[in-house]
Amino acid sequence: MATHGVARVSRPRSQEQRRQDLSKIQVYRDLEAQIRTCVASEIYDSRLFQLTTDILHLNPEYYTVWNIRRRCLLSSLLSQGVDPFLSDAPVKLPDACQSNNQDPDKSVLEFELTFLIPLLKRAPKCYWIWEYRRWILTQTNLRLSIPAARQIWELELSLTSSLLGRDRRNFHAWGYRRFVVAQLESDELGGKSLAEDEFAYTDKMIRGDLSNFSAWHNRGQVILRLVEERGFTDEARAALLVKELHIIWEGLNIGADDQSLWYYHRFLISQITNSGTKKTIAPALTIAERVTHLKHEIAEVEDLLGDYANVELVYEALLEYTFALERLEKRNARDGREQARLLTWLAKLQVLDPMRAGRWRDMERGIRGI
């Protein structure tokens, strides 16, 4: 079995390694037993909180423990009166959270955010760490002043930049970044639009890695907001669409086998074909202008066949865009030459992608009118 192209190799273990592993397993089981005893007694205090810290350092994937840690915070470590599950236990902070000059809740929440950072670096794609961090941040909105909460959210945005600097394609970090940006833009935190900043950020990430699927996805979301906020004229919108097509072709001309590039190109094609809707980059384009744009894109894709004759993504795009052109022109029939081109591309796909043979057979019947 291989993971990301690296084969897993089974290596023999020495007796000493086995002894160390058994010792670690025993420590882990002892921690589990202590946690279960405390939970059964409904004692969500600082001792149980420390036990969750110990076991999460060993296994951050243990999602039940993350829920227990939440209960510890709500029951005894954070101030009362915010969550309906709070008990009457007195507030008692871990030593690391103690501060004479700071709001106790702020100390606890910042402690938790700091605690999570090394876990995220070790397991950057662990769902439970990300979900728990989201929850901690929502607590800042509930418990802190707007300036104090906003300062913490701004630091989070910097953290996502740092994590994405380590792994540009971490979709967890990208999703979390969108979550943080939405909060910083919200009325709750006295925010304003960050569309300009986020658009510039996607540009930076794409220039560093054209295969960054998540960066292209973010760009597609932000650009629709950008044209509204900039108050672009119809001419400026049309020019921006052409500029984006130019940017994506810089990538496709050197990497037509990259699915992430085709993803964004398809998004731009949808901006051409979706006429009559305001939620596009250039909604004022006439049908004639849309047809001209689409014919040009089809010709550009067909030119790729000279260097990428065995890349199925090119043939899929040719078929998809040609069908879109027919719908845009509202044609009820196609001539023999165009049908022959479609069948030629489809025949090549049937060879390159036999796993979807049924799909290609259905498409062929549709082209032939069977």
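Residues numbered from 1 in each chain as written. Predicted model: local features only at pLDDT ≥ 70, side-chain atom pairs only at ≥ 80, totals over all residues. Heavy atoms only, no water.

The chain is annotated in an unreviewed UniProt entry as Geranylgeranyl transferase type-2 subunit alpha from Metarhizium acridum. The chain has a UniProt comment under Sequence similarities (unreviewed entry) that states "Belongs to the protein prenyltransferase subunit alpha family." A UniProt comment under Function (unreviewed entry) is attached to the chain, and it reads "Catalyzes the transfer of a geranyl-geranyl moiety from geranyl-geranyl pyrophosphate to cysteines occuring in specific C-terminal amino acid sequences." (UniProt positions renumbered as here; feature names shortened; annotations may be inferred.)

Two descriptors summarise a pair of aromatic rings, namely the distance from one centre to the other and the angle between the planes of the rings. Per the stated rule, a full pass over the model turns up 13 aromatic pairs. Ring centres 5.0 Å apart and planes at 35 degrees place the aromatic pair Tyr 63 and Trp 128 in the tilted group. Placement of Tyr 63 in helix 3 (residues 63–77) and of Trp 128 in helix 5 (residues 127–143) is noted, with a sequence separation of 65 residues between them. Of the residues examined, Tyr 63 reaches a relative accessible area of 46% and is grouped as partly exposed. A centroid spacing of 4.8 Å and a plane angle of 40 degrees characterise the contact between Trp 66 and Tyr 132, whose relative ring orientation is tilted. With Trp 66 in helix 3 and Tyr 132 in helix 5, the pair connects residues that are 66 residues apart, well separated along the chain. Through a chain of ring-to-ring contacts, the aromatic side chains of Trp 66, Phe 115, Tyr 132 and Trp 135 assemble into a single cluster. It is Arg 69 that lies over the ring of Phe 49; its NZ or CZ is 4.0 Å from the centre. The ring of Tyr 44 has Arg 71 lying over it, and the distance from NZ or CZ to the ring centre is 4.9 Å. (Phe/Tyr/Trp six-rings, centres within 6.5 Å; stacked < 30°, edge-to-face > 60°. Helix = DSSP H or I, 4+ residues; strand = E, 2+ residues; numbered from the N terminus. Buried < 20%, exposed > 50% of the residue type's maximum accessible area, 1.4 Å probe, protein only. Lys NZ or Arg CZ within 6 Å of the ring centre and 35° of its normal.)

A complete count under the given rule lists 29 salt bridges for this structure. For Glu 320, the salt bridge is made with Arg 266, and the minimal N-O distance between the two is 2.7 Å. A residue pair is termed long-range when its members are at least 10 positions apart, and Glu 320 in helix 13 (residues 312–329) and Arg 266 in helix 11 (residues 259–273) qualify at 54 residues. Linking Glu 338 and Arg 331 is a salt bridge whose minimum nitrogen-to-oxygen distance equals 2.8 Å. Residue class for Glu 338 comes out buried when judged on its relative accessible area of 11%. Judged by relative accessible area, Arg 331 falls into the partly exposed class, the value being 30%. (Salt bridge = Lys/Arg side-chain N within 4 Å of Asp/Glu carboxyl O.)

Now for the environment of Phe 115. Examined against the element boundaries, Phe 115 turns out to sit in helix 4 (residues 104–122). Put simply, Phe 115 and Thr 53 are 62 residues apart on the chain and 8.6 Å apart in space, counted from C-alpha to C-alpha. The contact partners of Phe 115, leaving out residues within four places of it in the chain, are Thr 53, Leu 56, His 57, Trp 66 and Arg 69. (Contact = heavy atoms within 4.5 Å.)

With 107 residues, the main nonpolar core has Leu 73, Trp 262, Leu 294 and Val 314 as its most contacted residues. With eleven residues, helix 13 is the single largest residue contributor to this core. In this view, Leu 294 contacts Ile 269, Ile 272, Thr 273, Tyr 321, Ala 324, Leu 325 and Leu 328; residues no more than four positions away in its chain are not counted. (Core = buried A, V, L, I, M, F, W, Y, C linked by side-chain atoms within 4.5 Å.)

Before going further, it helps to examine the confidence of the model for the chain. This prediction gives the chain a mean pLDDT of 89; 90% of its residues lie at or above 70. The model gives residues 81–93 a pLDDT under 50, and that stretch makes 27 contacts with residues more than four places away or in other chains. (pLDDT = per-residue confidence, 0-100.)

As a packed pair, helix 11 and helix 12 (residues 287–303) sit with axes 9 Å apart at the nearest point and diverge in direction by 155 degrees. On the basis of their axis angle, the class for helix 11 and helix 12 is roughly antiparallel. Relative to helix 12, the crossing made by helix 11 is left-handed. The residues of helix 12 that touch helix 11, namely those facing Trp 262, His 265, Ile 269, Gln 271, Ile 272 and Thr 273, are Arg 290, His 293, Leu 294, Glu 297 and Val 301. Residues that form the contact of helix 11 with helix 12 fall into these classes: five nonpolar, four polar and two charged. (Axes fitted to C-alpha atoms, helices over the stretch in contact; angles between N-to-C directions. Parallel < 35°, antiparallel > 145°, perpendicular 65-115°, else oblique. Left-handed = near helix turned anticlockwise from the far one by under 90°. Nonpolar A, V, L, I, M, F, W, Y, C, P; charged D, E, K, R; others polar.)

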